[in-house]
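Notes for the structure review
Listed below, chain by chain, are the residues.
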Amino acid sequence: MPKILVVGSLSMDYVVETQQIPQQGETVFGTQFKQFFGGKGANQAVAARRAGVEVAFCGAVGDDPLGQQLINNLTDNQIETDHVTKIPASASGTAHITLFEGDNRIIVVPAANQQLTASFIQQCLIDWENLSMVILQNEIPQTVNRALIDRCCERGIPVLYNPAPATQLDSEIIGQITYLTPNEEECKALFSELSIEEAVQKYPNQLIVTLGAQGAIYHDGQAVCKVPAMSLTKEQVVDTTGAGDTFNGAFAAAICRNLSLAEAIQFANQAAGLSVQKLGAQTGMPYLDALSG
Ligand code: RIB
């Protein structure tokens, strides 16, 4: 089975559903509160594992009960956690999520996730043999991502970089990445002078922009290609938190299982479409037998 390494964040998601967003200084009532496992890194790892590849995870949690729960969740999902470090005297990462009118607003408190260091990653390098791909996002320090991209480049390991939350990237880094997968807003942040169509044309078969309910868009070297999302009613969409992560994990798994780029995007759209039908980032992430491809 192909093996993917995910280097990224682990967080506990604290989710409040409300029918009213408070104004400044105002208090409103919510309708429901729940706690879910999250963090973009952990979400993408779970999505990839369920989509049929082996996954190792590298990241940081606090030396607190929450940190152990975050690690246990990965092991419960058959993900290797030998390189998840516990940072002394640090809290674990948390995300504070408000669900309102079918969409989410998220405040992340990175805590231990921001204490991951490039030198810790170097120590783990010895175990990174035979990797089919490395997946990165932006909830750990940029210095770690940069060091990793350099190492992967030296070793010829493909890198999928999901630039979320949005950040600037220089063109040298973009040149080292195999797949770059921003959503629409992140794409605008990366390529402010280009339309989405112009951006994908500039990076054929490399830049894949996720468009939520509209699916995803890329350029295959000949033309701009749009891959539609699963068609869902408003009632079917319960929680879009983690849909992008599901796309990324499933896409990486599909590429490593030798699907073509077009097939992998279709597969990832299908996984994301299934994931939004349950509350919580990881709850609805499908297993391989629920997916075609
Ligand atoms: O992408 C969704 C994730 O972003 C949530 O699970 C939350 O942890 C935030 O990091």
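Before any of the text, the structure's been laid out above.
Description of the structure in this document. (Residues numbered from 1 in each chain as written. Predicted model: local features only at pLDDT ≥ 70, side-chain atom pairs only at ≥ 80, totals over all residues. Heavy atoms only, no water.)

Time to look at the pairing of strand S8 (residues 133–136). For a regular strand, side chains alternate in direction, first toward one face of the sheet and then toward the other. On S8, burial covers both faces: Met133 and Ile135 on one face and Val134 and Leu136 on the other are all buried. Relative to S8, strand S1 (residues 3–7) runs parallel, the two being bridged by four bridges. Each bridged residue has a counterpart across the sheet, and for Ile4 the counterpart in S8 is Met133. In the sheet, S8 pairs with strand S9 (residues 159–161) via three bridges, with the strands oriented parallel. Note on S9: the bridge partner recorded for Val134 is Val159. What joins S8 to S9 is helix H4 (residues 142–155), and the crossover it makes is right-handed. (Buried < 20%, exposed > 50% of the residue type's maximum accessible area, 1.4 Å probe, protein only. Helix = DSSP H or I, 4+ residues; strand = E, 2+ residues; numbered from the N terminus. Pairing = 2+ DSSP bridges. Right-handed = clockwise from strand over helix to strand, strands pointing away.)

The three strands lie next to each other as S11-S12-S13, forming an open sheet whose pairing is antiparallel. Strand pairing shows two members of the sheet lacking a second neighbour, strand S11 (209–210) and strand S13 (224–227), which therefore form its edges. Note that strand S12 (residues 216–219) and S13 share four bridges and pair antiparallel. Residue Tyr218 lies in a different strand from S13, and its bridge partner there is Cys225. Across the sheet, helix H9 (residues 261–275) is in contact with S12 and S13; its angle to S12 comes to roughly 170°. (Contact = heavy atoms within 4.5 Å. Axes fitted to C-alpha atoms, helices over the stretch in contact; angles between N-to-C directions.)

The computed volume of the largest pocket comes to approximately 1,200 Å³. Along the walls of the largest pocket sit 46 residues, with Asn183, Gly212, Thr240, Ala243 and Gly244 positioned nearest its centre. Of all the secondary-structure elements, those providing two or more residues to the lining of the largest pocket are strand S2 (11–18), helix H1 (40–50), strand S6 (93–100), strand S7 (103–109), helix H6 (184–190), helix H8 (243–256) and H9. Across the lining of the largest pocket, the residue classes break down as 17 nonpolar, 19 polar and ten charged. For the second largest pocket, the lining is made up of 15 residues, of which Glu17, Glu101, Gly102, Val237 and Val238 are closest to its centre. Contributing elements (two or more residues each) for the lining of the second largest pocket: S2 and S6. (1 Å grid on protein atoms, 1.4 Å probe; cavity = no way out; pocket = protein on both sides within 12 Å on 5 of 7 lines; lining within 4 Å. Points joined across faces, edges and corners; volume = space filled by probe spheres on them. Nonpolar A, V, L, I, M, F, W, Y, C, P; charged D, E, K, R; others polar.)

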